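Residues per chain are reported as follows:
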Protein chains: 2
Amino acid sequence: MSSMGAPSDETKEMDSRNLSSLQSQTQTPLVRKVGIPPRQNFFEEFQSTVKETFFSDDPLRPFKDQTKSRKFILGIEALFPILKWGRSYNVAKLRGDIIAGLTIASLCIPQDIGYAKLANLAPQYGLYSSFVPPLIYAVMGSSRDIAIGPVAVVSLLLGTLLQSEIDPVEHPTEYRRLAFTATFFAGITQATLGVFRLGFLIDFLSHAAIVGFMAGAAITIALQQLKGFLGIKNFTKKTDIVSVIDSVFSAANHGWNWRTIVLGASFLVFLLTCRYIGKRNKKFFWLPAIAPLVSVVLSTFIVFITRADKEGVEIVNHINGGINPSSVKEIYFRGDFLGKGFKIGIVAGMIALTEAIAIGRTFASMKDYQLDGNKEMMALGAMNIVGSMTSCYVATGSFSRSAVNYMSGCQTAVSNIVMSIVVVLTLEFITPLFKFTPNAILAAIIISAVIGLVDYQAAILIWKVDKFDFIACMGAFFGVVFASVEIGLVIAVSISFAKILLQVTRPQTAILGRIPGTTVYRNTQQYPEATKVSGVLIVRIDSAIYFSNSNYVKERILRWLIDEEERVKRNYETRIQFLIVEMSPVTDIDTSGIHALEELLRSLQKRNVQLVLANPGPVVIDKFHTSNFANLIGEDKIYLTVADAVAYSSPKLTEDP
Amino acid sequence: MSSMGAPSDETKEMDSRNLSSLQSQTQTPLVRKVGIPPRQNFFEEFQSTVKETFFSDDPLRPFKDQTKSRKFILGIEALFPILKWGRSYNVAKLRGDIIAGLTIASLCIPQDIGYAKLANLAPQYGLYSSFVPPLIYAVMGSSRDIAIGPVAVVSLLLGTLLQSEIDPVEHPTEYRRLAFTATFFAGITQATLGVFRLGFLIDFLSHAAIVGFMAGAAITIALQQLKGFLGIKNFTKKTDIVSVIDSVFSAANHGWNWRTIVLGASFLVFLLTCRYIGKRNKKFFWLPAIAPLVSVVLSTFIVFITRADKEGVEIVNHINGGINPSSVKEIYFRGDFLGKGFKIGIVAGMIALTEAIAIGRTFASMKDYQLDGNKEMMALGAMNIVGSMTSCYVATGSFSRSAVNYMSGCQTAVSNIVMSIVVVLTLEFITPLFKFTPNAILAAIIISAVIGLVDYQAAILIWKVDKFDFIACMGAFFGVVFASVEIGLVIAVSISFAKILLQVTRPQTAILGRIPGTTVYRNTQQYPEATKVSGVLIVRIDSAIYFSNSNYVKERILRWLIDEEERVKRNYETRIQFLIVEMSPVTDIDTSGIHALEELLRSLQKRNVQLVLANPGPVVIDKFHTSNFANLIGEDKIYLTVADAVAYSSPKLTEDP
């Protein structure tokens, strides 16, 4: 991406000083052959690549030389890690998990109710999704810190995608059924990626794009909360900032309810203060964790005694109690809703996956334990499949709750079990108490929760490190904020791919010069003091040569040559007679690459310039031989260092005009 | 793709021998700083990248410091190269061009009539397409050897794509109109790519995939000719080998016409013999070039005197004479055919482009002149746009005719002008003579023409050089032969992309060991004699570290470490206390990459292993500083060579268990 040269020449020649200077005295370069590695047959080569691609983490290693029965047990343990860590479980760990579990429960209950709204579903579905999925994950998942449940971004994404298919108000049943269908296929997608070990696919969504997307989603979600926060009746269905702001102000003169605003605002201040304190002083991490539940209780009580709901303060009203009803029959397995649910499921599933894996990896590296991405995907997939059959919508790992879980000292996934037990008790016994909970509070809770997703420090770092990543980041952000979640997502993905393609299609090349007094050859752009060897042009290619860049590389080198020849002509210097190509960074080459080199060689011969190669890698030299290019250019034209190549060329220079 | 290591350590340490051995004596490594390049501001960085991506060929260079009027003239010349080379045109060149022009004309006339059939169009449209487009190209194109006109593969592709939209027999008019619409948008696509300098996009179709696709298309086309060759009346519309063979044999008992077969077979033998002679002895290159016309004349005469057409030998019958009628009004600029034409146009345009550019580049490198890909695309685009308005369908550069053009000594694009003049004369005066030309001969001519597209030598080379390219090649081939042209194309493209993604997502890593008696550190897989330094693990990363591979790189390195630690434990050796990462091949790194390194550092600290970096590149070291990673790891942990790093680490080893 940047125009500076690559390293590999740095030391090589600096250290080859003594040796090459010796050569330049004797003028007889000692040609040291580049070792040609043992040939692999097709099967070995294929096998090794497949292994590195799909089984790079060598998942079967523990199974090596074990008895059949042992293998079976290991297999079961691999599928259900709880059987493994369960054995070494003890009271100390349990205490940690209980505390953590209670903390995240207190955080998740109000969040769930709010997030269900984002997905245009009745509040209880949020709670349902915090009961079954965490249990499944606890027995199948391998992360110790992740907290499972519905999350803001996925809820919003699911909500918008479903909304574009069915109106949740007019056809609530169909809408709900489609939601379960999408959840089912989200699970299928995740499990499939895991089973076929395609986990690496999610690595194609760049960090920068995710940062931008998350921030944008957070803003969008916060904006959506203005409905409940200002107590606006008729609110836009669109999620872009323009239409939201518009419908907020069009409602300003009549639609706003001051009681709602006062209530919401005061509790939002409270929540943000707690959040601030918790951030400033790690000792008080529990403060932001319990603040939401506290505000729910308080506000509910206030509304109950003041009966503010009579004054137009919107309240939750009724939440269906009782545990998750079965929803197997509700999933569409035929009809055109099947296809729609399938599409939505794939998108929601991938995003949920990206979030969960990112969280899992973060905490795994904090506590230093390995996390098998593909196994994680199977666990997440299984939990969503089961979830879709028990009235849950897409659940995944939540940034905020996982952090709280970690800080309140969770030891294992048992904290998730504790949480889901609390959720069940809530569903069974205390849902009626939520009757008077004002929506404004839920809005405030969601706002204070999603603020954490706006990671401006990351954005600043991205700006510092890589300007183009920053563009990707901003593209995703503005896409979400000004257009919609899908569009933001599309932008994020396409920019990520564009970057990959750019990276492989435009490799760096550099002109090398000799640092005065040494035989170090370095990028002349980077080291202006480096002097060119008269009659010789030294170019370095900084990437593997594949069909995607072979033509560019060839033409770039020729252009370097033409420029140099013009310069030389202007200054009446010795004409360029040798082109040395430094190939150290060229790790691989394919047929197109070899074709390009052959064309380069032909053009150079026409120009009566000799091509000399320095330090081609083992793979490359091997392919040079199999493709007969080595003979074409001549074995004596391939050297191990630029210094050797120069030592070979310079004496051969003729002083012809 | 392969499991062997990369070069860059080869020499470096071999040559750093004297220096490092000195260090290991004194035990005080002299830390040589890696030069940090001058910071670029965002604008410079952005500019340089945009330039390298879109203007890498520096097209505006000749315009530098010129007067306004001069710039204008240069601009016109750039758009119409003929104005430039026209000035230095002379009789000698004209002679060459006339001979070449006549030769390719004699070759193209029969081919055109046949190819039009492939596109399900009346014969004259093939001839039309060899009149206007070559003229446009002659004034705008910059290749001197390419022969423009309809080609087999594009005709077939266009035919199948159009057929799937409209039936050419039932709705000939709509079919023809859609063909012109597709041609128009093919031209638009090509011109657009050229204007916006997106020429590099076609580099994403890998050489291997093209070889397979072309061979498959050739076989399919040859099979299609069995209809005319065996004189079968009701022939399948499908192009896959199974249904073709099926309909051939189902017609065997009644549908075959022995006269047709005898006629076709004998001339096919004649054509192939000429082709063989021409190949064996370059002196007779003209033999295969004129053979088609000869066979047309002969066979037409034979049919005319024997009136074999009465015996069921299919003949061309009527060809509309006269030059191209305008077809501006026939192009669909509204309605749903607009969309369909647009889609088909993009596909056909891209394929035509790929073929033309490939040919242009080949001959340009043979005669050593530069070819501006983007300018070529504008020329090809313009010629197809004009063509679509003058009753032509998609034209491009033809492999076979361009080769003949080159060998018969063409000097400039004037040979195309000569050809198109001959075509016009044919249209005006001698189309009636084609009345009795048997279709079997056209079939034979096409078969002998497309055989050249089966480049088995290329396939063998691909197999030798890169097994995975070979899979891509075969995938495209079988896709075309057994399914359809589109499917083969989709396979070709997707495999090409898969390879690119694979290449960036799974970079190579290697464990380095010390070659006994030296301080050379090399890939231990490749050099089994290399011995590991006790207590130190040396890993080399062979690629830039981006979001697409950062996680893999991190986990791979950790896995190397874990394996090594197990080995060490088994053998009661000193435990690993230093992990040296050789970064020479790492040309760039992004935020995800730095995150990965930070996580690696954290995990290592947990394991109480020290991370030491060797020879990070300028870009990388720069980003280490901006992202503050340099301080995190500690400046004193970054060395210029592996030897330095080892010299620093080894003495610090403690003998704790």
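Residues numbered from 1 in each chain as written. Chains lettered and ligands numbered in written order. Predicted model: local features only at pLDDT ≥ 70, side-chain atom pairs only at ≥ 80, totals over all residues. Heavy atoms only, no water.

Quick notes on helix 16 (residues 373-389) of chain A
Residues and elements named next belong to chain A. Between the first and last C-alpha of helix 16 there are 25 Å, a value that for 17 residues agrees with the 24 Å anticipated at 1.5 Å per step. Among the 17 residues that make up helix 16, 12 are buried, leaving the element largely enclosed by the rest of the structure. Looking at helix 16, one finds that the buried residues are N374, E376, M377, A379, L380, G381, A382, M383, N384, I385, G387 and S388. Of the surrounding secondary structure, the elements contacted by the buried residues of helix 16 are helix 7 (132-140), strand 1 (148-149), helix 9 (172-195), helix 15 (336-367) and strand 2 (396-397). With a side-chain oxygen positioned 2.9 Å from the backbone nitrogen of N374, the residue opening helix 16 is D372. Directly beyond the C-terminal end of helix 16, a positive phi value near 60° is found at S391. (Helix = DSSP H or I, 4+ residues; strand = E, 2+ residues; numbered from the N terminus. Expected span 1.5 Å × (residues − 1). Buried < 20%, exposed > 50% of the residue type's maximum accessible area, 1.4 Å probe, protein only. Contact = heavy atoms within 4.5 Å. Polar contact = N/O pair within 3.5 Å; in protein donor to acceptor, adjacent residues only side chain to side chain.)

Observations concerning the sheet that holds strand 8 (residues 638-639) of chain B
All names here are of chain B. Spatial strand order, 4-3-5-6-7-8: six strands in an open sheet with mixed pairing. Each having just a single partner strand, strand 4 (521-523) and strand 8 make up the two edges of the open sheet. Across five bridges, strand 6 (residues 578-582) lies against strand 7 (residues 610-614) in parallel orientation. Within the sheet, the bridge partner assigned to L579 lies in strand 7 and is L611. Strand contacts of helix 27 (residues 642-649): strand 3 (509-514), strand 4, strand 5 (536-541), strand 6, strand 7 and strand 8, with the helix running at about 170° to strand 6, the strand carrying the most contacts. (Pairing = 2+ DSSP bridges. Axes fitted to C-alpha atoms, helices over the stretch in contact; angles between N-to-C directions.)

Brief notes about the environment of I302(A)
All names here are of chain A. Note on placement: I302 falls in helix 14 (residues 286-306). Taking the C-alpha atoms as reference points, I302 and F285, separated by 17 residues in sequence, lie 27 Å from one another. Beyond its immediate sequence surroundings of up to four residues, I302 is in contact with L263, F267 and R307.

Regarding the pattern of salt bridges
Inspection of the entire model under this criterion finds 35 salt bridges over all chains. With a shortest N-O distance of 2.8 Å, K554(A) and E599(A) are connected by a salt bridge. Of this pair, K554(A) sits in helix 23 (residues 550-570) while E599(A) sits in helix 24 (residues 591-607), and the two are 45 residues apart along the sequence. Judged by its relative accessible area of 7%, K554(A) falls in the buried class. Between R607(B) and E565(B) there is a salt bridge, with the nearest N and O atoms lying 3.4 Å from each other. Here the residue R607(B) occupies a position in helix 24 (residues 591-607), and E565(B) occupies one in helix 23 (residues 550-570), the gap between them amounting to 42 residues. Judged by relative accessible area, which is 27%, R607(B) ranks as partly exposed. Connected via shared salt-bridge partners are D466(A), D469(A), K499(A), D588(B), D590(B) and K623(B). (Salt bridge = Lys/Arg side-chain N within 4 Å of Asp/Glu carboxyl O.)

Here's the deal with the packing of aromatic side chains
A full pass over the atoms with the stated rule returns 32 aromatic pairs over all chains. When the ring of Y125(B) is compared with that of Y128(B), the centres are 5.4 Å apart and the planes differ by 85°; the resulting orientation is edge-to-face. Of the two residues, Y125(B) and Y128(B) are both situated in helix 6 (residues 123-128); the distance of three residues between them amounts to about one turn of the helix. According to the relative accessible area criterion, Y125(B) is buried, its value standing at 11%. Consider the rings of F184(B) and F185(B), whose centres lie 5.2 Å apart with planes at 80°: the pair is edge-to-face. Each of the two residues, F184(B) as well as F185(B), counts as buried. Residue placement shows R177(A) over the ring face of Y332(A); its charged tip is 4.1 Å from the ring centre. The ring of W560(B) is capped by R556(B), whose NZ or CZ atom sits 4.2 Å from the centre of that ring. (Phe/Tyr/Trp six-rings, centres within 6.5 Å; stacked < 30°, edge-to-face > 60°. Lys NZ or Arg CZ within 6 Å of the ring centre and 35° of its normal.)

A closer look at the domain arrangement of chain A
Domain annotation of chain A identifies domain 1 (83-497) and domain 2 (507-654). Inter-centroid distance (C-alpha atoms) of domain 1 of chain A to domain 2 of chain A is 56 Å. (Domains from an automatic or database assignment.)

Quick look at the pairing of strand 6 of chain B
Residues and elements named next belong to chain B. With five of five residues buried, strand 6 lies mostly within the body of the structure. Burial along strand 6 is two-sided: the face carrying F578, I580 and E582 and the face carrying L579 and V581 are both buried. The pairing of strand 5 with strand 6 spans five bridges and is parallel. Bridge pairing links L537 to L579 in strand 6. Tracing the backbone out of strand 5, into helix 23 and back to the parallel element strand 6 gives a crossover that is right-handed. With helix 24 bridging strand 6 and its parallel neighbour strand 7, the resulting β-α-β unit is right-handed. (Right-handed = clockwise from strand over helix to strand, strands pointing away.)

Describing a nonpolar patch on the surface
Residue and element names in this part refer to chain A. On the surface, a cluster of nonpolar side chains totalling about 720 Å² of accessible area is made up of F270, Y276, I277, F284, W286, I290, V294, L298 and I302. Of all the elements in the fold, those that place two or more residues in the nonpolar patch are helix 13 (258-280) and helix 14. Among the elements that take part in the nonpolar patch, helix 14 stands out by supplying five residues, more than any other. Examined against the element boundaries, F270 turns out to sit in helix 13. (Patch = residues over 30% accessible without salt bridge, like charges linked within 9 Å, V, L, I, M, F, W, Y side chains within 5 Å. Areas by Shrake-Rupley, 256 points an atom, 1.4 Å probe, with all protein chains shown as cover.)

Topic: the sheet that holds strand 3 (residues 509-514) of chain A
Residues and elements named next belong to chain A. Pairing is mixed across the open sheet formed by six strands, whose spatial order is 4-3-5-6-7-8. On the outer flanks of this sheet lie strand 4 (521-523) and strand 8 (638-639), each paired with one strand and no other. Pairing of strand 7 (residues 610-614) with strand 8 involves two bridges; the strand directions are parallel. Counterpart to A614 in the pairing with strand 8 is Y639.

Describing the nonpolar core
Of all hydrophobic cores here, the largest spans 117 residues; its most connected members are L158(B), L162(B), F213(B), I221(B) and V423(B). When sequence neighbours within four positions are dropped, the list of residues in contact with L158(B) reads A182(B), I344(B), A348(B), Y393(B) and V394(B). Among the nonpolar cores identified, the runner-up in size contains 98 residues, and V244(A), I319(A), A449(A) and A492(A) belong to it. (Core = buried A, V, L, I, M, F, W, Y, C linked by side-chain atoms within 4.5 Å.)

Topic: the pairing of strand 3 of chain B
All names here are of chain B. Burial runs high along strand 3: five of the six residues are buried. Here strand 3 pairs with strand 5 via four bridges, running antiparallel. Looking at strand 5, one finds that L512 is bridged to I538. As defined by bridge partners, strand 3 adjoins strand 4 across three bridges and the pair is classed as antiparallel. Residue pairing across strands places R514 opposite Y521, the latter belonging to strand 4.

A closer look at the confidence of the model for chain A
Parts of the prediction with low pLDDT should not have their coordinates interpreted in detail. Residue and element names in this part refer to chain A. Residues of chain A with pLDDT of at least 70 account for 92%, and the chain-wide mean is 85. When mean pLDDT is taken per element in chain A, strand 1 scores highest with 96 and helix 1 (residues 10-26) scores lowest with 38. Across residues 1-33, confidence stays below pLDDT 50; counting only partners more than four residues off in sequence or on other chains, it has 119 contacts. (pLDDT = per-residue confidence, 0-100.)

Description of the environment of Q610(A)
All names here are of chain A. Residue position: Q610 is located in strand 7. In this structure Q610 comes out as partly exposed when scored by relative accessible area, which is 31%. As a C-alpha pair, Q610 and Q577 span 33 residues in sequence and 6.1 Å in three-dimensional space. Excluding its chain neighbours within four sequence positions, the residues that come into contact with Q610 are Q577, F578, L579, K637 and Y648.

Structural notes on the packing of helix 13 (residues 258-280) of chain B against helix 19 (residues 439-450) of chain B
Residues and elements named next belong to chain B. In the contact formed by helix 13 and helix 19, the axes pass within 9 Å of each other and the chain directions differ by 30°. In this view, helix 13 runs roughly parallel relative to helix 19, as classed from their interaxial angle. The crossing of helix 13 and helix 19 is right-handed. In this structure, helix 13 uses T260, L263, G264, F267, L268, L271, L272 and R275 to contact helix 19, whose residues at the interface are A440, I441, A444, I445, I447 and S448. The residue makeup of the contact of helix 13 with helix 19, split by class, is 10 nonpolar, three polar and one charged. (Parallel < 35°, antiparallel > 145°, perpendicular 65-115°, else oblique. Left-handed = near helix turned anticlockwise from the far one by under 90°. Nonpolar A, V, L, I, M, F, W, Y, C, P; charged D, E, K, R; others polar.)

Side note on the state of the cysteines
On inspection of all chains with the given rule, the structure shows zero disulfides over all chains. Its sulfur unpaired, C108(A) is 12 Å from the next cysteine sulfur, which belongs to C392(A). Not engaged in a disulfide, the cysteine C410(B) finds its nearest cysteine sulfur in C108(B); these two sulfurs lie 14 Å apart. Given the relative accessible area of 2%, C410(B) is considered buried. (Disulfide = S-S within 2.5 Å.)

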